[in-house]
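Close look at the chain arrangement
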Amino acid sequence: MDGETYQRGLEIRSAVLGEDYVNRALATTNDFTKPLQDLITEYCWGAVWGREGLPLKTRSMLNLAMISVLNRPNELRTHVKAALTNGVSREEIREILLQVAIYGGVPAAVDSFRIAGEAFAEVDEG
């Protein structure tokens, strides 16, 4: 594991998802899940999200579309909130999910709109 890339990943992951979320994820690791959390932090957040080629907002927008098409509701809820943190507006999220309906399928978009609405409500509650 590259300590510098891991640290950069931890910083970006915490900034995007929130320190509480990341601390909970890391605190609940065990011998089985720790390698996955290390991989996510170093490679996903450090090596890819840490690249300068795309702004975080654009990366969030891409994630919303991909995760919607993959039908991963828990990850989508997390990344809707992260997208808001990264400056993606609710209107932009709506447009992304409409694009998903055309290129990824209406059922994926219907579920994604529902999950986004739930995530918006959670954010609004504070």
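Thresholds applied
Residues numbered from 1 in each chain as written. Predicted model: local features only at pLDDT ≥ 70, side-chain atom pairs only at ≥ 80, totals over all residues. Heavy atoms only, no water. Salt bridge = Lys/Arg side-chain N within 4 Å of Asp/Glu carboxyl O. Helix = DSSP H or I, 4+ residues; strand = E, 2+ residues; numbered from the N terminus. Buried < 20%, exposed > 50% of the residue type's maximum accessible area, 1.4 Å probe, protein only. Axes fitted to C-alpha atoms, helices over the stretch in contact; angles between N-to-C directions. Parallel < 35°, antiparallel > 145°, perpendicular 65-115°, else oblique. Left-handed = near helix turned anticlockwise from the far one by under 90°. Contact = heavy atoms within 4.5 Å. UniProt positions renumbered as here; feature names shortened; annotations may be inferred.

The subject of this paragraph is the pattern of salt bridges. Taken as a whole and assessed by the stated rule, the structure comprises nine salt bridges. The partner of Arg-114 in a salt bridge is Asp-111, and the shortest N-O contact between them spans 3.7 Å. Here the residue Arg-114 and the residue Asp-111 both occupy positions in helix H7 (residues 106–125), the gap between them amounting to three residues, near one helical turn. With a relative accessible area of 44%, Arg-114 lands in the partly exposed category. Under the relative-accessibility criterion, Asp-111 is labelled partly exposed at 30%. Members of the salt-bridge network, linked through shared partners, are Arg-77, Lys-81, Asp-111, Arg-114, Glu-118 and Glu-122.

What follows deals with the packing of helix H4 (residues 56–70) against helix H5 (residues 73–85). Between H4 and H5, the shortest axis-to-axis distance is 9 Å and the interhelical angle comes to 160°. In terms of axis orientation, H4 runs roughly antiparallel to H5. Like other packed secondary-structure pairs, H4 and H5 cross with a definite hand, here left-handed. For the pair H4 and H5, contact is made by Ser-60, Asn-63, Leu-64, Ile-67 and Ser-68 and by Glu-75, Leu-76, His-79, Val-80, Ala-82 and Ala-83, respectively.

Looking now at the UniProt feature "domain: Carboxymuconolactone decarboxylase-like" (unreviewed entry) in the protein. As annotated by UniProt and renumbered to match this structure, "domain: Carboxymuconolactone decarboxylase-like" (unreviewed entry) occupies residues 36–116. Annotation note: span residues 36–116, helix share 81%, strand share 0%, distance between end C-alpha atoms 26 Å.

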